[in-house]
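One letter stands for each residue in the lines below.
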Protein chains: 2
Amino acid sequence: MKGSILIGQSGGPTSVINASLSGSIDAAKQSEQIDNIYGAINGIYGIINHQIIDLSLEDSNDIELLKSTPGSILGSVRYKLPNFQDDPTDYIKIVEVFKLLNVKYFIYIGGNDSMDTCSKISKYFQSINFPCNVIGVPKTIDNDLINIDHTPGYASAIKYIATTISEIYQDISCYRKGKVTIVEIMGRDAGWLTAGSKLASLTNNGPDLIYLPEHPFDIEDFLNKVSRIYQQKGHALIAVSEGIKDINGKYILEYRSSNSSDEFGHLQLGGVAQVLAEYVEKRLHLPNRNVELNLPQRCASHLASLTDVNEAYNCGYYAVKYIIDHTDKMVTMLRIKNYEIEYQLTDLSSVANFVKTVPVHFICQNGSNISQDFIDYALPLIQGELNISYQNGLPKFANLKKYYINLSKEHN
Amino acid sequence: MKGSILIGQSGGPTSVINASLSGSIDAAKQSEQIDNIYGAINGIYGIINHQIIDLSLEDSNDIELLKSTPGSILGSVRYKLPNFQDDPTDYIKIVEVFKLLNVKYFIYIGGNDSMDTCSKISKYFQSINFPCNVIGVPKTIDNDLINIDHTPGYASAIKYIATTISEIYQDISCYRKGKVTIVEIMGRDAGWLTAGSKLASLTNNGPDLIYLPEHPFDIEDFLNKVSRIYQQKGHALIAVSEGIKDINGKYILEYRSSNSSDEFGHLQLGGVAQVLAEYVEKRLHLPNRNVELNLPQRCASHLASLTDVNEAYNCGYYAVKYIIDHTDKMVTMLRIKNYEIEYQLTDLSSVANFVKTVPVHFICQNGSNISQDFIDYALPLIQGELNISYQNGLPKFANLKKYYINLSKEHN
């Protein structure tokens, strides 16, 4: 069926979410079934509130630059659609807009929650026999989606993490008596990002200890190990997930002494490195420093993995290829021997709301390090670098003109 | 005079301190006056404790890779030499080693404190008529040395800062209702690094507010401005130096409520962004996030400025050219119109222990932003990118073999 395509982005940004958009736009331009290419501003919010732009009018240089532009260029949203059985209001508005713009193809680029949104819309369309195909494009630095070898965005995040850990190790090891440096990495329930720090061992600058949320954290064992490493080397580098917990499931972050007196009365994740540094100070009396890698993990596109950029682009590209004849699916990546990726489809409902954690055989040394199996899994993902365009000494980003559609006019 | 050269590194590492070492080694190899090229491990400590290596035996590929290797490859030290009039012990040991190795040329790469060390050694040599020339090579990300246009290391640090700010702005601006994001940048007494964040405005992603230690910080004015910006944009990005102080000279960090109950009883710098985020939370009730750029500011050599790398290399190179006929000097950089650099010499004692802060005309909007004058000053520094060698998807660093000299053998 011939018609328009509408593309949206949702959830937390990654370094390569715009590469997927770029792939979808390129494929849509090539398709004879697609006559208009629209973008939803702030995802589902933009559809419901008539914030839609015409992507076909954008300069092709900017579409190319999307491959190295961080953030969600269309704007993102965190909005949980109610079940349409409970409240169909949003769904009715969506169908109204889709009819106005003759949208026959809907692509949503996002993570776990966004695949839930995507799945709900798809199921609603099927329930009313509305003729619009729906396909989700995966993205998340967290790598916690199931039914996929790894998620677009993850590889660039760990290339950033491993590079930064490697540089930090080089920096901190220059003193005879250095510091115990604790680096906090994103990941509440899954330690995929923190595991990525292990790749720095390939430059001989890997962390001395690595702790993930998947394995109970023992503060005494940690202190013993840190003490021993510091005695041997005169410094120590430890990578920890923000979400590490003790054997009783209590967040190590909650060990923080000052947190009890927090006048705002709420516990924020982030800060576990600070808690551990305080233990190193108090119990081991060793000089210490805590480093939180923070936002650059998901937006340092100047250091994106070329493999990741290409895969994210291809996921967007294949989504459009597949959407002509398929609906209610997510594009997925299957790993073939010697590292090749096949782009296939999986059911949206099989993906939404599930979480993939780091498997046991990737964790070793009683939960304080990462195995060779993980390196074998992750190393192919970080290969290659993008040829970044610089302007004024800084990376140049895509600058979409955002030509808004006047939906009331379309209506008349 | 013909003899050996000894090179040491000292103080906090930068992304390009090893580029200076590389320049000195290359120049020493070319000099007919220099027959041996030695390196001191951990600076002055290595000289006093006989930790000296033969740099001429290192692989030339590694010497080249030094240009993109962070950290102090020879090891660093923070050790304040006593005045030789008070206690000559260290100085006597230094001369002993220099005699053993026939060191006629001594080069010390470092910042403010290291120039003090360098100056003291130089003055001691002159006082006993010891025939060894001494030249300092400047480095510090802080850019706080006087008698120099800017310091090697600074440019790469602000290229990293401006790039990261630019990427973070791209990331945080994707939500309709985003967060107030406060980014903490190094700099206790001088705001040079934080000022560098202004360069991100060239990508239209500059911070909304920028605060340096040079101008008194007013918390009420800050909250008013943040509130207004958030109402307009739905997000705000603020860059602050770790060392900002109020009108009474009190560190804003000390405003921290939980700090009073700190059981370790000492106040650490770092954490001011957290304090300000707490104010935004408590007073403005706006969603917020704090980001500390931390160590990558001084070690992210994958993003080094090519201009900086070349200048650092040249400072090391010219130090060796000049040392044949000069002593008691530091290499300095003079800016010629249209941005060219001339490498000259300045007296060590005119540099050591002085601090250069950000001039008033670089600061604007009542201390909450940075002027065009600063952009004009800083923009040439961040031009160009190094062609980084990658291995296994990660930057490849120099791996010195470190052939130690047996000084007892030399002695016999």
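Above: the structure in question.
Since we're looking at a predicted model, the values are computed, not measured.

The rules behind these values
Sequence order as written defines the numbering, with residues in each chain counted from 1. Whichever chain is written first is A, and whichever ligand is written first is 1; the rest continue in order. Residue-level local features of this predicted model are given only where pLDDT is at least 70; pairs of side-chain atoms are given and counted only at 80 or more, and the full residue set underlies all totals for whole chains, interfaces and linings. Heavy atoms throughout the structure, all of them, feed into the side-chain values; hydrogens and water do not. Only runs of H or I of at least four residues qualify as helices and only runs of E of at least two qualify as strands under DSSP, and these elements are numbered from the N terminus. Using a 1.4 Å probe on the protein chains alone, a residue whose accessible area is under 20% of its type maximum counts as buried, one over 50% counts as exposed, and one in between counts as partly exposed. Working rule for contacts: check all heavy atoms of both residues, and any pair within 4.5 Å makes them a contact. Helix axes are fitted to C-alpha atoms over the stretch in contact, other axes to C-alpha atoms as well, and angles between N-to-C directions run from 0 to 180 degrees. Two helices crossing with the near one rotated counterclockwise from the far one by less than a right angle form a left-handed crossing, whereas a clockwise rotation gives a right-handed crossing. Residue polarity follows a fixed list, in which Ala, Val, Leu, Ile, Met, Phe, Trp, Tyr, Cys and Pro are nonpolar, Asp, Glu, Lys and Arg are charged, and the others, Gly among them, are polar. Put simply, buried area is the surface a 1.4 Å probe can reach on two separate parts but cannot reach once they are joined, added for both. Put simply, a salt bridge is a Lys or Arg side-chain nitrogen that is within 4 Å of an Asp or Glu carboxyl oxygen. Contacts described as polar in this section are N or O atom pairs within 3.5 Å, which, within protein, must combine one atom able to donate a hydrogen with one able to accept it, while residues neighboring in sequence count only if both atoms come from side chains. In short, DSSP must find at least two bridges between two strands for them to pair.

A.B. asks: Before we go on, may I ask you to explain the environment of Tyr154 of chain A in this structure?
C.D. replies: Residue and element names in this part refer to chain A. As for its position among the elements, Tyr154 is in helix α6 (residues 154-172). Look at Tyr154 and you get buried, because its relative accessible area is 0%. Apart from residues no more than four positions distant in its own chain, Tyr154 is found in contact with Thr140, Ile141, Asn143, Trp192, Leu193, Gly196, Asp308, Phe374, Tyr377 and Leu381.

A.B. asks: Would you mind going over the packing of helix α1 (residues 17-30) of chain B against helix α11 (residues 306-323) of chain B with me for this structure?
C.D. replies: In a pair of packed helices, the angle between the axes and the distance between the axes together describe the arrangement. Residue and element names in this part refer to chain B. The geometry of α1 relative to α11 is characterised by a closest axis approach of 7 Å and an angle of 40° between their N-to-C directions. At the point where α1 passes α11, the crossing takes the right-handed sense. From α1, Ala19, Ser20, Ser22, Gly23, Ser24, Asp26, Ala27, Ala28 and Gln30 reach across to α11, where they touch Val309, Ala312, Tyr313, Gly316, Tyr317, Val320 and Lys321. Grouping the amino acids of the contact of α1 with α11 by side-chain chemistry returns eight nonpolar, six polar and two charged.

A.B. asks: When you look at the environment of Ile182 of chain B in this model, what are you seeing that I'm missing?
C.D. replies: Residue and element names in this part refer to chain B. Positionally, Ile182 belongs in strand β6 (residues 180-185). According to the relative accessible area criterion, Ile182 is buried, its value standing at 0%. Spatially, the C-alpha atoms of Ile182 and Tyr91 are 47 Å apart, while their sequence positions differ by 91 residues.

A.B. asks: What am I meant to see in the interface of chain B and chain A here?
C.D. replies: Bring the parts together and some accessible area is lost; that lost area is often taken as the interface size. Taken together, the contacts link 69 residues of chain B with 69 residues of chain A. Across the chain B to chain A interface the summed buried area is about 5600 Å²; carbon plus sulfur atoms make up 56%. Of all residues in chain B, Glu167, Tyr175 and Leu394 of chain B give up the largest surface area on contact with chain A, accounting jointly for 12% of the area buried on that side. Counting the contacts that link chain B with chain A gives two salt bridges. We note a salt bridge from Arg298 of chain A to Asp171 of chain B, for which the minimum N-O separation is 2.7 Å. At the boundary of chain B and chain A, one finds 28 residue pairs in polar contact (both at pLDDT 80 or more).

A.B. asks: Even after reading the chapter, I still don't get the side chain of Asn133 of chain B, so can you show me in this structure?
C.D. replies: Residue and element names in this part refer to chain B. Residue position: Asn133 is located in strand β5 (residues 133-138). Looking at Asn133, the relative accessible area reads 11%, which means it is buried. Separated by 2.7 Å, the side chain of Asn133 and the backbone oxygen of Ile323 make a polar contact. In this structure the side chain of Asn133 is engaged in a polar contact, spanning 3.3 Å, whose partner is the backbone oxygen of His326. With sequence-adjacent residues up to four places away left out, Asn133 is seen in contact with Met1, Lys104, Tyr105, Phe106, Ile323, Ile324, Asp325, His326 and Thr327.

A.B. asks: Teacher, can you tell me more about the sheet that holds strand β4 (residues 103-110) of chain A here?
C.D. replies: Backbone hydrogen bonds are what pair the strands of a sheet, in a parallel or an antiparallel way. Residue and element names in this part refer to chain A. Across the sheet, seven strands lie side by side as β3-β2-β1-β4-β5-β10-β11; this open sheet has mixed pairing. On the outer flanks of this sheet lie β3 (52-54) and β11 (340-347), each paired with one strand and no other. Between one strand axis and the next, the sheet turns by 30° as a mean value, whatever way the strands run. With six bridges joining them, β4 and strand β5 (residues 133-138) adopt parallel strand pairing.

A.B. asks: Can you walk me through the sheet that holds strand β2 (residues 34-40) of chain B in this structure?
C.D. replies: All names here are of chain B. Reading across the sheet, the seven strands line up as β3-β2-β1-β4-β5-β10-β11 and stay open at both edges, with mixed pairing between neighbours. Each edge of the sheet is formed by a strand with only one pairing partner; in this case those strands are β3 (52-54) and β11 (340-347). Neighbouring strand axes in the sheet, compared pairwise and without regard to direction, differ in orientation by 30° on average. Packing of α1 onto the sheet brings it into contact with β1 (3-9), β2, β4 (103-110) and β5, and relative to β1 it is tilted by some 175°.

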